[in-house]
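Take a look at the letters that make up each chain.
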Amino acid sequence: MNLSARRMALAIPCLVLFGCASSVDPASEEAVGTSEEAVLSSNRLSMNRLSMNRLSMNGLSMSRLSADGRELATTDLLQDEDGRELLRYTIGCALPEGKSLVGTVGSTTYRFDGRIGLAPDWLSGPLPEKSQRWVTACLLAHVNGYGVEVAISLRGQHTALTTDTAERRTFQQEEISFFGNVFQPLGQRDELGDIGSRMYACGGALLQMSCADDESAFVPERTCASREDCSLRFLGPCRDLTASKTSVCKDVSLEGYRRCEAPTTMTPGRSRTTRYDEVVTVFLQRPDFSAFYPLCTPLFP
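Parameters and conventions
Residues numbered from 1 in each chain as written. Predicted model: local features only at pLDDT ≥ 70, side-chain atom pairs only at ≥ 80, totals over all residues. Heavy atoms only, no water. Phe/Tyr/Trp six-rings, centres within 6.5 Å; stacked < 30°, edge-to-face > 60°. Helix = DSSP H or I, 4+ residues; strand = E, 2+ residues; numbered from the N terminus. Buried < 20%, exposed > 50% of the residue type's maximum accessible area, 1.4 Å probe, protein only. Lys NZ or Arg CZ within 6 Å of the ring centre and 35° of its normal. Pairing = 2+ DSSP bridges. Axes fitted to C-alpha atoms, helices over the stretch in contact; angles between N-to-C directions. Contact = heavy atoms within 4.5 Å. Polar contact = N/O pair within 3.5 Å; in protein donor to acceptor, adjacent residues only side chain to side chain. Expected span 1.5 Å × (residues − 1). Disulfide = S-S within 2.5 Å.

Chemist: Just to check I follow, could you spell out the packing of aromatic side chains for this structure?
Modeler: Centre distance and the angle of the planes are the two values used to describe a pair of aromatic rings. Using the criterion set out here, one finds four aromatic pairs in the structure. Between tryptophan 122 and phenylalanine 183, the ring centres sit 5.8 Å apart and the planes meet at 85°, which makes this aromatic pair edge-to-face. Here phenylalanine 183 lies in the loop between strand 4 (173-180) and strand 5 (199-203) and tryptophan 122 lies in the loop between strand 2 (108-113) and helix 5 (129-141), a separation of 61 residues in the sequence. The buried category is assigned to tryptophan 122, whose relative accessible area is 0%. Taken together, Phe179, Tyr200 and Tyr276 form an aromatic cluster joined through their ring pairs. Geometry around tyrosine 110 places arginine 84 over its ring, the cationic atom sitting 4.3 Å from the centre. Taking the ring centre of phenylalanine 283 as reference, the NZ or CZ of arginine 155 above it sits at 3.7 Å.

Rendered as structure tokens:
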């Protein structure tokens, strides 16, 4: 996919700090009649929306996303704007561009557009846990810490996240990588054995190098990972350039990381290291990197 097409495909679900401009204001929802809303409102995805709706996300993942390829499966996420906003990002991450689903509340119909295509298999059956982890990583990449709109490049070792030379040249500043599983309820063992929060992030090697003169600047606050009330757990450098043994991720390529390890809760009082291969990495353009990390020095002109 060329850069212009890639940017256009990412323009709605892949704005990080952010949210996306839309032709429809969410405050203008019609009380009567039928409306077709754009896929994302001008609101931003918040960690609170993601954290507070885990049970609803789990319920949605237990069946086909749509029985007929058009109508969204029944979910209580449709009932309020917070839930619909989460659905917009979830379906945007899961389904490919050109695929839309609609959901109706009373006499109002909402449209949710696919954009990236990390889990098209959700249309034919329950969402497998591997696909749950891919969609989770995409959702976490959209968590808003500041409410500032910025374009990003999402990369990972998934065919839906393939980049080209032009995109890699435009977005050179590696920022943060994300992995986990928000579809599994807290305290319930998943196929990897974790019963914890399953929301993880690590900082890119370039971010670590850029912020070498100020270690406190390395923590990516825009994710809310440095706040005490944030559910996202920041694990340190994805690939530690000063001590490779402490790297969170063990495998890296031009398309991102895999084999990222998190200390996960197995049972109360017992933990182990769990490996994730479904990792989404965010890359920024230099001006945006400089704006969010003013104490760090971009590595590319």
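Anyway, onward from the coordinates.
Chemist: Please explain the sheet that holds strand 4 as it appears in this structure.
Modeler: Across a sheet, paired strands are connected by hydrogen bonds in the backbone, their directions being either parallel or antiparallel. Strand order in the open sheet formed by five strands is 3-10-4-5-6, with mixed pairing between adjacent strands. Each edge of the sheet is formed by a strand with only one pairing partner; in this case those strands are strand 3 (153-155) and strand 6 (233-237). Averaged over all pairs of adjacent strands, the angle between strand axes in this sheet comes to 25°, irrespective of strand direction. Where strand 4 lies against strand 5, five bridges are found, and the strand directions are antiparallel. Each bridged residue has a counterpart across the sheet, and for serine 177 the counterpart in strand 5 is cysteine 202. Contacts from helix 5 reach strand 3, strand 4, strand 5 and strand 10 (280-284), with the element oriented near 135° to strand 4.

Chemist: I keep staring at the environment of serine 124 and nothing clicks. Help me out?
Modeler: Structurally, the position occupied by serine 124 is in the loop between strand 2 and helix 5. Looking at serine 124, the relative accessible area reads 59%, which means it is exposed. Within the local environment of serine 124, its side chain forms a polar contact with the backbone oxygen of aspartate 121, the two atoms lying 3.0 Å apart.

Chemist: Explain helix 5 to me, please; I cannot follow it from the model alone.
Modeler: Structurally, the α-helix is built with 3.6 residues per turn, so residues lying three or four positions apart point the same way. For helix 5, built from 13 residues, the straight-helix expectation of 18 Å at 1.5 Å per residue is met to within 8% by its first-to-last C-alpha distance of 18 Å. Burial analysis of helix 5 places 12 of its 13 residues in the buried class, which makes it a mostly covered element. Along helix 5, the residues classified as buried are Glu129, Ser131, Gln132, Arg133, Trp134, Val135, Thr136, Ala137, Cys138, Leu139, Leu140 and Ala141.

Chemist: I would appreciate a short explanation of the state of the cysteines in the present structure.
Modeler: Simply put, disulfide is the name for a covalent bond between the sulfur atoms of two cysteines. What the rule picks out here adds up to three disulfides. A disulfide bridge connects cysteine 202 with cysteine 238, and the sulfur atoms are separated by 2.1 Å. Between cysteine 202 and cysteine 238 the disulfide shows an S-S torsion of about 95°. By sign, it is right-handed. Pair noted here: cysteine 202 is in strand 5 and cysteine 238 is in the loop between strand 6 and strand 7 (249-253), with a separation of 36 residues, a long-range link. Both residues of the pair, cysteine 202 and cysteine 238, belong to the buried class. Put simply, cysteine 249 and cysteine 260 are joined by a disulfide, and their sulfur atoms are 2.0 Å apart. Residues cysteine 249 and cysteine 260 are joined through a disulfide that is right-handed, its torsion about the S-S bond being 100°. Here cysteine 249, found in strand 7, pairs with cysteine 260, found in strand 8 (residues 256-267); they are 11 residues apart in sequence, far enough to count as distant. This pair shows no difference in class: cysteine 249 is buried, exactly as cysteine 260 is.

Note that all results are geometric; they support no functional claim without further evidence.
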